[in-house]
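Residue-level listing of the chains:
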Amino acid sequence: MNTARVRSALVVVVLVGAGLTFHPITAAGPTLTIEAGAATAQVSPLFNGLMTEEINHAYDGGLYAELVQNRAFLDAPNAPVHWSIVEDGGAARMALDRDTPLNATIPTSLRLDVTQASAGRSAGIANDGYWGIPVKPNTRYRASFFARAAPGFAGGITVAIRSDDGRTTFASGRVPALTSTWKQYELTLTTGSAAATTSAKYVLTTDGPGTVWFSLVSLFPPTFKSQPNGFRPDLLQMLIDMKPTFLRFPGGNYLEGDQIADRFDWKKTLGPLTERPGHMAPWTYRSSDGLGLHEFLMWAENMNAEPILAVYAGYSLKGAYVKPGPDLEPYIQDALDEIEYVMGPATSTWGALRARAGHPAPFKLRYVEIGNEDFFDKSGSYDGRFAQFHHAIKARYPQLQLISSSGFERPENERVKSVVPDVVDEHYYRTVDVFLRMARGTYEKYDRKGPKIFVGEWGAYETPFQPWNELSKGEAPTPNMRAAIGDAAFMTEMEKNSDIVIMNCYAPLLVNVNPGARQWRPNLIGYDGLRVYGSPSYHAIKLFSTHLGDEILKAATADTDVLTSVTRDRRTGTIYVKLVNAATNPAPVQIELTGARTVSSTATALTLAADPTATNSIDAPERVVPVTSKISGVSSNFTYTVPASGIVVLMLETR
Ligand code: AHR
């Protein structure tokens, strides 16, 4: 192992924040040499994005703002899970009913038989939400439900958000009467000054006896920019703050489903919620598909990011696949239709549907991925499937760049060979130690004349990789500082090779931290119904992505274990020096800068440093966060000491 050669007793004094830091000067020559006059390549403009799928209750119980779990009574075939009977002096029973459906898409309703009720003695149903209904003070909620009443029912429906113990009503409203045919009822519930809590339920009660059926019972808090059927603002803001340039969706395994019938069948995720049946997703729970294709596109647009659309390519996780040839044609047509929905003119068949959903302008689409991790298809059919998709899509949209879901990290026999993909997707879930090794030269070796690289899923983990087994061991849902070091190390490697690694995104992105909500660890951002926090890895990625620069500078290191990447913002002259020190001792780095006319004697250092085991959590969200400080004594040859277990972005102002 190399260690920095610190030979001199000479020290420089640098002002860091309010304190003084002493930096030993190495007498052994520069450990980081930056040639400001030599930009080796452009930084990929799409470099840092986000990967997403329905896992860990990322959407239902996460970013998708709906608060009612099992709103359509389709989540379990035999019981109205997440619903319970409420008897406030009255009496009632409930059951799933397949004989009185809302429509053919939502074939099950909830039948409520109220056997006793009168003024002041009500009965009804309650939903426990996603680990509680989050209540915030002075907030307006949009409640809605479909209902029909049997002949003889003469009651009204009281809709309320109530504490779990039933003693506090945070907000309520009333529908005075129901019709005998299905009708949607909508009302606004406004909370008062009571403190925020998740110990609450959504309750619908009646003071009249008789039978009522319910369907699509919904409750929305305020959404991002008040968009209907929209997003949780605090979660979306965390993502916007990362300045992502693209959103890769809809997966991940979520694209493929366990079986072909469980794939992300995008046509069934469009239009009014009454036309969305939802589907069984691979991560052990059903998806409402409230966050469907159109919402993915709106999500990307809200972040000012570009969609990277993955189309289903005829392989599902439990091994079923569609043979290349005529059998695959319907799936290819489906992908062409999907692309038309995204980028076709409003006059096209599918573009018109998008326009009807409120977005006449086509979305920008430049990259389409064919499948997800198709190297798992041991039949060897991916080569033929990819080629068939490739020819059909290129024939209609020659400008689209097509991504193979099997990259160079896979053995040769698992890669596409019969056509050359424009881009290949590589996935790396690796230990910190492996990422530290990979940070030294992995992408330098890649053939610049070959396909571009999309690292479409990556993430460092601290312990031997058992993402599912670890769930029972009480492991934290999000990674610690040590993992962030591994992540940052790998990012330096990708960034300085971003002429070939044109896009990258960490996975998984989101995790609801409530017990039982997650299927994977580690994940980037954790939340419950009311709170959200970023892991150390979140802060590391944000530090990198918000200080990207647009040209890669020639830089060389010697005699140091510190990992580096150096870029510059051409317009401002700011040079971003990223430094990652995995060691548990501070690491002095002597920086020599050539080729710049002037360098300001002060610079800004953004530092994320902590004990390797330190982490953030829902109750301690800011234990590990970046600190900004000014440093002085900067010149064309100066020494900067990277803190132990530290990630630093140094911003040098040059001309
Ligand atoms: O990110 C979690 C899973 O890891 C993704 O769904 C899949 O693509 C990969 O195996």
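Quick notes on the rules
Residues numbered from 1 in each chain as written. Predicted model: local features only at pLDDT ≥ 70, side-chain atom pairs only at ≥ 80, totals over all residues. Heavy atoms only, no water. Axes fitted to C-alpha atoms, helices over the stretch in contact; angles between N-to-C directions. Helix = DSSP H or I, 4+ residues; strand = E, 2+ residues; numbered from the N terminus. Left-handed = near helix turned anticlockwise from the far one by under 90°. Contact = heavy atoms within 4.5 Å. Nonpolar A, V, L, I, M, F, W, Y, C, P; charged D, E, K, R; others polar. Near = heavy atom within 4 Å. Polar contact = N/O pair within 3.5 Å; in protein donor to acceptor, adjacent residues only side chain to side chain. Areas by Shrake-Rupley, 256 points an atom, 1.4 Å probe, with all protein chains shown as cover. Core = buried A, V, L, I, M, F, W, Y, C linked by side-chain atoms within 4.5 Å. Buried < 20%, exposed > 50% of the residue type's maximum accessible area, 1.4 Å probe, protein only. Pairing = 2+ DSSP bridges. pLDDT = per-residue confidence, 0-100. Salt bridge = Lys/Arg side-chain N within 4 Å of Asp/Glu carboxyl O. Expected span 1.5 Å × (residues − 1). Phe/Tyr/Trp six-rings, centres within 6.5 Å; stacked < 30°, edge-to-face > 60°. Lys NZ or Arg CZ within 6 Å of the ring centre and 35° of its normal. 1 Å grid on protein atoms, 1.4 Å probe; cavity = no way out; pocket = protein on both sides within 12 Å on 5 of 7 lines; lining within 4 Å. Points joined across faces, edges and corners; volume = space filled by probe spheres on them.

## Focus on the packing of helix 4 (residues 329–343) against helix 6 (residues 382–396)
At a minimum axis separation of 10 Å, helix 4 and helix 6 run at an interaxial angle of 40 degrees. Classified by chirality, the crossing of helix 6 by helix 4 is right-handed. Taking contact as the criterion, the partners of Glu329, Tyr331, Ile332, Ala335, Leu336, Ile339 and Glu340 in helix 4 are, on helix 6, Gln388, Phe389, Ala392, Ile393 and Arg396. Grouping the constituent residues of the contact of helix 4 with helix 6 by class yields eight nonpolar, one polar and three charged.

## Let's talk about the site of the ligand
Around the ligand lies a shell formed by Glu53, Gly252, Asn253, Trp283, Asn372, Glu373, Tyr429, Glu457, Ala507, Pro508 and Trp520. Between Glu53 and the ligand, the recorded distance is 2.5 Å, taken from a side-chain N or O atom to an oxygen atom. Tyr429 has a polar side-chain atom sitting 2.7 Å from an oxygen atom of the ligand. Against a free-state accessible area of 280 Å², the protein chains account for coverage of 94% of the ligand.

## Here's the deal with the environment of Leu548
With respect to the helices and strands, Leu548 occurs in the loop between helix 9 (536–545) and strand 27 (551–557). Through-space distance from the C-alpha of Leu548 to that of Tyr576 is 7.3 Å; in sequence the pair is 28 residues apart.

## Here we look at the nonpolar core
Counting residues in hydrophobic clusters, the biggest one holds 111 residues, and the most contacted among them are Trp299, Ile370, Phe389, Trp458 and Ile647. Ignoring sequence-local partners within four residues, the contact set of Ile647 consists of Met481, Ala484, Ile485, Ala488, Ala540, Phe544, Leu579, Val580, Leu606, Thr607 and Leu608. Core analysis: the second largest hydrophobic core is formed by 37 residues, Leu96, Leu110, Ala147 and Ile161 among them.

## Some words on the pairing of strand 3 (residues 32–42)
For strand 3 and strand 27, the ladder comprises seven bridges, and the chain directions are antiparallel. Residue pairing across strands places Ile34 opposite Ala555, the latter belonging to strand 27. As judged from the four bridges shared by strand 3 and strand 30 (residues 587–594), these two strands associate in the parallel manner. Along strand 30, the bridge assignment pairs Thr33 with Glu592.

## Description of the confidence of the model for the protein chain
Here the protein chain averages 94 in pLDDT, while 94% of its residues score no lower than 70. By mean pLDDT, strand 1 (residues 11–16) is the weakest element of the protein chain at 30, and helix 4 is the strongest at 99.

## Side note on the pattern of salt bridges
All chains considered together, the criterion is met by 34 salt bridges. The residue Asp258 makes a salt bridge to Lys318 at a minimum N-O spacing of 3.8 Å. One end of the pair, Asp258, is in the loop between helix 2 (253–256) and strand 16 (279–280); the other, Lys318, is in the loop between strand 18 (306–311) and helix 4, with 60 residues separating them in the sequence. Of the residues examined, Asp258 reaches a relative accessible area of 22% and is grouped as partly exposed. Across the pair Arg570 and Asp550 runs a salt bridge whose closest N-O atoms are separated by 3.9 Å. With Arg570 in the loop between strand 28 (563–568) and strand 29 (574–581) and Asp550 in the loop between helix 9 and strand 27, this residue pair connects regions lying 20 residues apart in the sequence.

## Here's the deal with helix 6
Here helix 6 is 15 residues long and its end C-alpha atoms lie 21 Å apart, about the 21 Å a rise of 1.5 Å per residue gives. Considered for burial, the residues of helix 6 that qualify are Tyr382, Arg385, Phe386, Ala387, Gln388, Phe389, His390, Ile393 and Lys394. Considering only its buried residues, helix 6 is in contact with strand 18, helix 4, strand 19 (367–370) and strand 20 (401–404).

## Here we look at the packing of aromatic side chains
Under the definition given, this model contains 27 aromatic pairs. Relative to Phe454, the ring of Phe246 has its centre 5.5 Å away and its plane inclined at 85 degrees; by these criteria the two rings are edge-to-face. A residue pair is termed long-range when its members are at least 10 positions apart, and Phe246 in strand 15 (residues 246–249) and Phe454 in strand 22 (residues 452–461) qualify at 208 residues. No difference in accessibility class separates Phe246 from Phe454, as the two residues are buried. Judged by centre distance (5.8 Å) and plane angle (80 degrees), the rings of Phe408 and Tyr446 are edge-to-face. Of this pair, Phe408 sits in the loop between strand 20 and strand 21 (423–431) while Tyr446 sits in the loop between helix 7 (432–438) and strand 22; the two residues are 38 residues apart in sequence, bridging distant segments of the chain. Feature note: the residues Tyr59, Phe231, Phe249, Tyr254, Phe264, Phe296 and Trp299 constitute an aromatic cluster, connected by ring pairs. In this arrangement the basic side chain of Arg148 is found over the ring face of Trp213, its NZ or CZ atom lying 5.4 Å from the centre.

## Quick word on the layout of surface pockets
The computed volume of the largest pocket comes to approximately 910 Å³. Every residue lining the largest pocket is counted, 35 residues in all, and those nearest its centre are Pro228, Asn229, Gly230, Leu273 and Glu295. Within the residue set of the lining of the largest pocket, elements represented by two or more residues are strand 9 (140–149), strand 12 (183–190), strand 14 (210–220), helix 3 (293–302) and helix 5 (349–356). Among the elements that line the lining of the largest pocket, the one with the most residues is strand 9, at five residues.

## Considerations on empty space enclosed by the protein
Taken as a whole, this structure holds two cavities of 30 Å³ or more when the rule is applied. Reported here for the largest cavity is a volume of approximately 90 Å³. In terms of lining, the largest cavity is formed by 14 residues, of which the most central are Gly49, Leu50, Met242, Tyr506 and Ile541. Put simply, the parts of the chain that give the lining of the largest cavity at least two residues each are strand 4 (50–51), strand 23 (501–506) and helix 9. No other element matches strand 23, which puts three residues into the lining of the largest cavity. Broken down by class, the residue content of the lining of the largest cavity amounts to ten nonpolar, four polar and no charged. If you add up the space inside the second largest cavity, you get close to 70 Å³. Taken together, Leu255, Arg263, Phe264, Trp266, Ala310, Val311, Tyr312, Tyr331, Asp334, Ala335 and Glu338 make up the full set of residues lining the second largest cavity.

## Side note on the sheet that holds strand 29
Spatially, the nine strands line up as an open sheet ordered 32-31-34-29-28-27-3-30-33, and their pairing is mixed. Bordering the open sheet on either side are strand 32 (627–631) and strand 33 (637–642), each of which pairs with just one other strand. Pairs of neighbouring strands in the sheet enclose a mean axial angle of 30 degrees, with direction left out of account. On top of the sheet, helix 8 (residues 481–496) reaches strand 27, strand 28, strand 29, strand 31 (603–609) and strand 34 (646–653); it is set at about 50 degrees to strand 28, its chief contact. Contacting strand 29, strand 31 and strand 34, helix 9 runs over the sheet at an angle of about 160 degrees to strand 31.

## Let's talk about the pairing of strand 30
On any regular strand, side chains alternate: one points to one face of the sheet, the next to the other face. Counting buried positions along strand 30 gives six out of eight residues, so the element sits mostly inside the fold. Bridge count for strand 30 against strand 33 is six bridges, and the pairing is antiparallel. Bridge assignment links Glu592 to a residue of strand 33, and that residue is Asn637.

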